[in-house]
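Here's the letter readout for the chains.
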Amino acid sequence: MSKLGKIALGAVAVNVMLALLHGWLNLGIDPARVLSFKKGTAVAEETRFRVGFLPVT
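Predicted model only: the values in this text are computed from it and were never measured.

Conventions and cut-offs
Position numbers for residues count from 1 along each chain, tracking the sequence in the order it is written. Note on the predicted model: pLDDT of at least 70 is required for a residue's local features to be given, and 80 or more for side-chain atom pairs to be given and counted; whole-chain, interface and lining totals, by contrast, use all residues. The basis for every side-chain value is the complete set of non-hydrogen atoms in the structure, without hydrogens or water. Strands are runs of DSSP state E lasting at least 2 residues, helices are runs of H or I lasting at least 4, and numbering of each runs from the N terminus. Classification of residues uses two cut-offs on accessible area relative to the type maximum, computed with a 1.4 Å probe and protein chains only: under 20% is buried, over 50% is exposed, and between them is partly exposed. With residues, only the protein chains shown are counted as cover, and all accessible areas are computed by Shrake-Rupley using a 1.4 Å probe. A patch consists of residues exposed above 30% relative accessible area that lack any salt bridge, with like charges linked at up to 9 Å and nonpolar side chains (Val, Leu, Ile, Met, Phe, Trp, Tyr) linked at up to 5 Å. Here a salt bridge means any side-chain nitrogen of Lys or Arg lying within 4 Å of a carboxyl oxygen belonging to Asp or Glu. By this rule the span expected of a helix is its residue count minus one, scaled by 1.5 Å.

Within the protein, the regular secondary structure consists of two helices and zero strands. Residues counted as buried form 4% of the 57 residues belonging to the protein. With the model as given, the accessible surface of the protein reaches about 5,400 Å², and the carbon-plus-sulfur share is 68%.

Given below as structure tokens:
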């Protein structure tokens, strides 16, 4: 794999991790359930919205 391919793959991986982190912290999405590591029935919960801050530099 070329150097540019490794950089592109790393950038995609970082973006996916940031998306999962954002969903977990701000939207209440359980990453283990999304990735099918944890099975179980969905319990109806009150919709919650949490505002977070991710600094962009």
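So that's the structure; there's more coming.
A cluster of nonpolar side chains, contributed by Val14, Met17, Leu18, Leu21, Trp24 and Leu25, occupies part of the molecular surface with about 560 Å² of accessible area. Counting through the fold element by element, Leu21 comes out in helix H1 (residues 3–26).

Mapped onto the secondary structure, Leu20 falls in helix H1. On the accessibility criterion, Leu20 (30% relative accessible area) is partly exposed. Between the alpha carbons of Leu20 and Asp30 there is a distance of 8.7 Å; along the sequence they are 10 residues apart.

Let's shift gears to H1. Over its 24 residues, H1 extends 34 Å from the first C-alpha to the last, a length consistent with the 34 Å expected when each residue adds 1.5 Å. A positive backbone phi angle near 75 degrees is found at Gly28, which sits one or two residues after H1.

Within the secondary structure, Ala32 is located in helix H2 (residues 31–34). Sequence separation of Ala32 and Leu20 is 12 residues, and the distance between their C-alpha atoms is 10.0 Å.

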